[in-house]
Structure formats: structure tokens, C-alpha cells
Amino acid sequence: EPDCSAAAGWVCNERVLEAKEKFGFRYNSDCRGRDVFVPTVGGRALAPQIPVTLPTYDEVIGRNGIGDANYNEWLLEQVRPGGLNVLTVHAEVEGRVCAPLFDRFLAMCRERGIELRPLRALLGDAGRLPREPIALAPVAGREGDVCWQRSALAP
């Protein structure tokens with residue numbers, strides 16, 4: 001049985017989160033944000049969220065001078081030491097078209113001592129996580145609004 005899920009493209013809202021509760025997922029990754037949190041809907045706590053914190057390849061490539069030659073270095077500059085650093089990789093991009101680029105990224109992580117872990121290792125004690133609502137807002141380089149950890153939208 002799967003113990004987690006993620007909404008494609010972070011296209012998610014409160015109704016989606018509530019509907020997913022019937023599956024008993026241990027956690028989800030349906031939003032963008034800063035920290036692991038427990039989303040609340042109508043005052044009710046739902047399954048914890050492990051938000052994506054780093055921009056995806058398709059959101060940044062070809063913008064602001066970022067290309068394949070400097071993408072990995074740029075992405076590693078976005079990593080917050082001691083913070084939550086979650087990157088979404090796409091099977092059809094990093095797993096195929098950009099596989100050599102992604103292999104180099106993994107090697108660069110090893111060279112810098114960056115430990116790669118599965119999302120479940122980031123969950124921690126769900127009873128001690130902050131509770132907060134979600135919100136919908138845009139992401140630079142992506143069409144339309146996506147689900148966000150509301151506090152991550154604050155300046």
C-alpha cells in the first residue's frame with residue numbers, strides 16, 4: 001500500500017486534501033513551501049505535507065541566463081544549509097532527456113557533502129509540526145496557480 005502521494009504540478013486545493021484523507025496517507029507532497037507542516041482545513045488537521053522548496057528544471061531553464069551549462073551550479077546555490085531542500089525531478093526530463101545533466105547534479109551533491117534522502121526521512125514527528133492553512137498562488141515559470149504552504153507566501 002502506498003503511504004504518500006503528490007498532486008501533479010501542485011494543482012491542489014482544500015477539497016483535494018480533504019478527499020485524499022480517506023486513503024490514510026502518512027504524508028503528502030501537494031504544495032510548494034518552506035517547511036514540513038500539517039495543513040488545516042476548517043480547523044481540522046490533515047495528513048502532513050512535505051512541500052517542494054526548490055524550483056524545477058522546467059521553471060528556470062532558459063530564463064535569467066540559466067541553461068544546461070550552468071543549471072546544476074545555479075540549483076545548488078539555491079540549497080539552504082540546515083533548511084528543508086526538496087527538489088521534484090520528472091521521469092520524462094531528468095530521467096530521460098536530461099539524464100546526463102541529472103547524473104552530474106548527483107555527483108556535484110556528493111562532492112559537496114549534500115546528503116540525498118527520500119521524503120519520508122524528512123517527516124519527523126507529525127505531532128510536533130506546525131499547523132497552518134494552504135493558499136493558491138503562482139510560481140515563477142509555471143502556468144496558473146499552485147498549492148502553497150500559506151506562510152511561505154509571506155514576505
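Enquirer: Can you help me understand the overall build of the protein in this one?
Expert: Scanning the protein for helices and strands turns up five helices and seven strands. For the protein, the C-alpha radius of gyration of 16 Å lies close to 15 Å, the compact-globule estimate for 155 residues. Looking at the protein residue by residue over its 155 residues, the buried ones come to 39%. Considering only intrachain contacts with a sequence separation of at least 6, the fraction spanning at least 24 residues in the protein is 52%. When the accessible surface of the protein is summed, it comes to about 8900 Å², and 52% of that surface belongs to carbon and sulfur atoms. The average position of the 19 basic charges and that of the 21 acidic charges among the side chains of the protein differ by 4 Å.

Enquirer: How should the pattern of salt bridges be read in this particular structure?
Expert: Pairing between side chains becomes possible if they bear opposite charge and their charged atoms approach one another. On inspection of all chains with the given rule, the structure shows six salt bridges. For Glu-59, the salt bridge goes to Arg-142, with nearest N and O atoms at 2.7 Å. In this pair, Glu-59 sits in helix H2 (residues 57-60) while Arg-142 sits in the loop between strand E6 (134-138) and strand E7 (145-149), placing the two residues 83 residues apart along the sequence. Overall, Arg-142 belongs to the partly exposed group, its relative accessible area being 21%. Linking Glu-111 and Arg-104 is a salt bridge whose minimum nitrogen-to-oxygen distance equals 3.1 Å. A residue is classified by how much of its surface remains accessible, and Glu-111, at 57% relative accessible area, is exposed.

Enquirer: In this structure, what is going on with helix H5 (residues 99-111)? I would like to understand it.
Expert: Helical periodicity: at 3.6 residues per turn, an α-helix aligns residues three or four positions apart in one direction. Between its terminal C-alpha atoms H5 stretches 18 Å, which fits the 18 Å expected from 13 residues at 1.5 Å a residue. When we look at burial in H5, the residues that qualify are Leu-101, Phe-105, Ala-107, Met-108 and Cys-109. Lining the buried residues of H5 we find H2 and helix H3 (71-77). Gly-113 sits one or two residues past H5 and shows a positive phi near 75°.

Enquirer: Got a minute to help me understand the nonpolar core in this structure?
Expert: Across soluble globular proteins, nonpolar side chains show a tendency to be buried alongside one another. Grouped together as the largest cluster of nonpolar side chains are 15 residues, with contacts concentrated most on Val-36, Ile-50, Val-86, Leu-123, Leu-129, Val-146 and Trp-148. Other than its neighbours up to four places away in sequence, Leu-123 contacts Arg-26, Tyr-27, Val-36, Pro-48, Ile-50 and Leu-129.

Enquirer: Looking at this model, I keep getting lost on the sheet that holds strand E3 (residues 38-41). Mind explaining?
Expert: Within the open sheet, the three strands sit side by side as E4-E3-E5. Their pairing is mixed. If you trace the sheet from one side to the other, it starts and ends with strand E4 (44-45) and strand E5 (131-132), each paired once. The sheet contact formed by E3 and E4 spans two bridges and is antiparallel. For Val-41, the partnering residue across the bridge sits in E4 and is Arg-44.

Enquirer: What exactly am I supposed to notice about the side chain of Asn-28 here?
Expert: With respect to the helices and strands, Asn-28 occurs in strand E2 (residues 27-28). Take Asn-28: its relative accessible area is 3%, and that puts it in the buried class. Ignoring any residue separated from it by four or fewer positions in sequence, one finds Asn-28 in contact with Cys-4, Ser-5, Lys-20, Ala-47, Pro-48, Gln-49 and Ile-50.

Enquirer: I'm lost on the pairing of E3 in this one. Help?
Expert: On a regular strand, one side chain projects to one face of the sheet and the next to the other, so that they alternate. Residues Val-38 and Thr-40 of E3 are buried on one face, and the alternating residues Pro-39 and Val-41, pointing to the opposite face, are buried as well. As paired strands, E3 and E5 are joined by two bridges and run parallel to one another. Looking at the pairing, Val-38 lines up with Arg-131 of E5. The turn joining E3 and E4, which pair antiparallel and follow one another in sequence, is formed by two residues; a positive phi near 60° is taken by Gly-42.

Conventions used here
- Residues numbered from 1 in each chain as written.
- Predicted model: local features only at pLDDT ≥ 70, side-chain atom pairs only at ≥ 80, totals over all residues.
- Heavy atoms only, no water.
- Helix = DSSP H or I, 4+ residues; strand = E, 2+ residues; numbered from the N terminus.
- Rg over C-alpha atoms; globule rule 2.2 N^0.38 Å.
- Buried < 20%, exposed > 50% of the residue type's maximum accessible area, 1.4 Å probe, protein only.
- Contact = heavy atoms within 4.5 Å.
- Areas by Shrake-Rupley, 256 points an atom, 1.4 Å probe, with all protein chains shown as cover.
- Lys, Arg positive; Asp, Glu negative; His and termini not counted.
- Charge placed at Lys NZ, Arg CZ, Asp CG, Glu CD.
- Salt bridge = Lys/Arg side-chain N within 4 Å of Asp/Glu carboxyl O.
- Expected span 1.5 Å × (residues − 1).
- Core = buried A, V, L, I, M, F, W, Y, C linked by side-chain atoms within 4.5 Å.
- Pairing = 2+ DSSP bridges.

Any link to function would need more than the numbers given here.
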